[in-house]
Amino acid sequence: QVQLQDSGPGLVKPSQTLALTCTVSGGSITTNYYTWSWIRQPPGKGLEWMGAINERGSTFYTPSLKSRTSISRDTSKNQFILQLNSVTPEDTAVYYCASRDRREGINYSWGQGTQVTVSS
């Protein structure tokens, strides 16, 4: 089974770039049919899908965050990376990396979640 671990700084200053890394084990990020996503949950709110990268390296973003979001990967480390530019306190959330097999609908495997606070 695929296992994911997200990691990165828990505190980011306003206007800076939030960067998180997801390390994948038990499967390759280049495996056919797999999509690797970033999902966040602000305090008191629901889950928000941010974007994803697939096994070919193609990326997809939710329109509301597209202009500020970049998802990339490092295949040599079996990692994928989230960058969210120009952060504000409204970006404070628990950030999760997650994966799904597109052959199996929308069942996700999840990282443990990283609390990120945007504050000066």
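Residues numbered from 1 in each chain as written. Predicted model: local features only at pLDDT ≥ 70, side-chain atom pairs only at ≥ 80, totals over all residues. Heavy atoms only, no water.

Asks: It is not clear to me how the packing of aromatic side chains should be interpreted in this structure. Could you clarify?
Replies: Any pair of aromatic rings gets described here by the distance separating the centres and the angle formed by the planes. Scanning all chains against the criterion turns up five aromatic pairs. Linked through ring pairs, Y34, W36, W38 and F80 together constitute an aromatic cluster. (Phe/Tyr/Trp six-rings, centres within 6.5 Å; stacked < 30°, edge-to-face > 60°.)

Asks: Hey, could you run me through the side chain of S37 in this one?
Replies: With respect to the helices, strands and loops of the structure, S37 is situated in strand β4 (residues 34-41). Polar side-chain contacts of S37 include one of 3.3 Å to the side chain of W49. S37 has contacts with W49, G51, A52, F80, Y96, C97, A98 and Y108, leaving out every residue within four places of it along the chain. (Helix = DSSP H or I, 4+ residues; strand = E, 2+ residues; numbered from the N terminus. Polar contact = N/O pair within 3.5 Å; in protein donor to acceptor, adjacent residues only side chain to side chain. Contact = heavy atoms within 4.5 Å.)

Asks: What's the story with the environment of T35 in this structure? I'm lost.
Replies: Along the chain, T35 turns up in strand β4. Using a relative accessible area of 8% as the deciding quantity, one classes T35 as buried. Taking C-alpha positions, T35 is 6.5 Å from D101, a pair spaced 66 residues apart along the chain. What T35 contacts, discounting residues up to four positions off in sequence, is A52, I53, N54, A98, S99, R100 and R102. (Buried < 20%, exposed > 50% of the residue type's maximum accessible area, 1.4 Å probe, protein only.)

Asks: Just checking my understanding: could you explain the environment of T92 for this structure?
Replies: On the secondary structure map, T92 appears in the loop between β8 (79-84) and β9 (93-101). On the accessibility criterion, T92 (16% relative accessible area) is buried. For the pair formed by T92 and V116, sequence separation is 24 residues and the distance between their alpha carbons is 5.6 Å. Apart from residues lying up to four places away in sequence, T92 is in contact with P42, P43, Q115, V116, T117 and V118.

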